[in-house]
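Take a look at the letters that make up each chain.
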Amino acid sequence: MFPKVLDFEDQVPDVDATAIEAFKPTWRTWVSIGTLVFCVFGFFSGIWDTAVVALIGAAIAIITGCVDFKGAFKRVDWNTIAVMAFAQGIAAAMNDSGAGAMIANWVVDMVGDNLWLQMAGCVIVNTVLTNIMSNTATAAMMAPIYILIASHLGVSYFPFMIAIAVATNLTAATPIGGTAVTMTSQAGYRFNDFVKIGTPMNIAWAIITIVMTLVVYPF
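Every residue gets a number counted from 1 within its own chain, in the order that chain's sequence is written. Residue-level local features of this predicted model are given only where pLDDT is at least 70; pairs of side-chain atoms are given and counted only at 80 or more, and the full residue set underlies all totals for whole chains, interfaces and linings. Derived side-chain values reflect all non-hydrogen atoms in the structure, with water molecules and hydrogen atoms excluded from consideration.

Counted at 1.5 Å a residue, the expected span for helix H11 (residues 191-216) with its 26 residues is 38 Å, and the 35 Å between its end C-alpha atoms agrees. Its buried side turned inward, H11 meets helix H7 (115-130), helix H9 (158-167) and helix H10 (179-184). Per the convention used, a helix needs a DSSP run of H or I reaching at least four residues, while a strand needs a run of E reaching at least two, with both numbered from the N terminus. The span you would expect from a helix comes to 1.5 Å times its residue count less one. By the convention used here, residues are in contact when the closest approach between their heavy atoms is within 4.5 Å.

Quick look at the structure:
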């Protein structure tokens, strides 16, 4: 809908059909597939903690040589890990210092005990923040606050957590909130292009999230 800023031609990569036809799966191919199936099953079944399942899958891939040890570390997005560590530190600091409780009390006093308004506020705040900062950092920062808000209101915090999980991924209005959206900026679009197209989409998504969260996950 908008012209690209960067002046380059889109190129379709050549696919070597001969190489595809000549490909034969090795034992490492089947180990990789088995590891993937194991991890997916582990995540959904809850037999162990998610982190434990992920570490076991990664260990299998490295020990069997499916992934090179040095190459594995190069593929790790250390920026995301740093952001998550920083966000967890901020969340812990807000909880231990009482800042989270202060914000929770302020929100409850301002909005009241109307759960629809509280949910709307939760979705709107997280949607706005996630478009100007990392979505993982936003979720880590806001989750403890809304757990306290739910405690003050005497309701389950689960609907708020679902709302935060969804709202912190509504990052279409800017190219900086989510990694997947940031990658699309390489096509040559301007920041304003995301704002013009993404903002209406974010507004529609936010409204749907507010309504559907309370319908599917009532307090």
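On the secondary structure map, Cys 39 appears in helix H2 (residues 27-45). Judged by relative accessible area, which is 12%, Cys 39 ranks as buried. Separated by 13 residues in sequence, Cys 39 and Val 52 have C-alpha atoms that sit 9.8 Å apart. The residues contacting Cys 39, other than those within four sequence positions of it, are Val 53 and Gly 57. Only protein chains enter the accessibility calculation, which uses a 1.4 Å probe; a residue whose area is less than 20% of its type maximum is buried, one above 50% is exposed, and one in between is partly exposed.

Quick look at the packing of aromatic side chains now. Each pair of aromatic rings taken from Phe, Tyr and Trp, with Trp reduced to its six-membered ring, is defined by centres within 6.5 Å and is described as stacked if the planes are under 30 degrees apart, edge-to-face if over 60, and tilted in the remaining cases. Counted under the stated rule, the structure contains four aromatic pairs. Arranged with centres 5.5 Å apart and planes meeting at 65 degrees, the rings of Phe 158 and Tyr 217 form a pair that is edge-to-face. Placement of Phe 158 in helix H9 and of Tyr 217 in the segment after H11 is noted, with a sequence separation of 59 residues between them. Phe 158 sits in the partly exposed class, given a relative accessible area of 43%. Look at Tyr 217 and you get partly exposed, because its relative accessible area is 34%. The rings of Tyr 146, Phe 160 and Phe 219 are connected pair by pair, giving a single aromatic cluster.

This part covers the packing of H2 against helix H3 (residues 50-63). The angle between two axes is taken between their N-to-C directions and runs from 0 to 180 degrees, where each axis is a line fitted to C-alpha atoms and a helix contributes only its stretch in contact. Between H2 and H3, whose axes approach to 9 Å, the crossing angle comes to 175 degrees. Here H2 is positioned roughly antiparallel relative to H3, judged by the angle of their axes. Contacts from Val 31, Thr 35, Phe 38, Cys 39, Gly 42 and Phe 43 of H2 reach H3 at Thr 50, Val 53, Ala 54, Ile 56, Gly 57 and Ile 60. Polar here means any residue outside two lists: the nonpolar Ala, Val, Leu, Ile, Met, Phe, Trp, Tyr, Cys and Pro, and the charged Asp, Glu, Lys and Arg; Gly therefore counts as polar. Across the contact of H2 with H3, the residue classes break down as eight nonpolar, four polar and no charged. When an angle is under 35 degrees it counts as roughly parallel; over 145 it counts as roughly antiparallel; between 65 and 115 it counts as roughly perpendicular; any other value is oblique.

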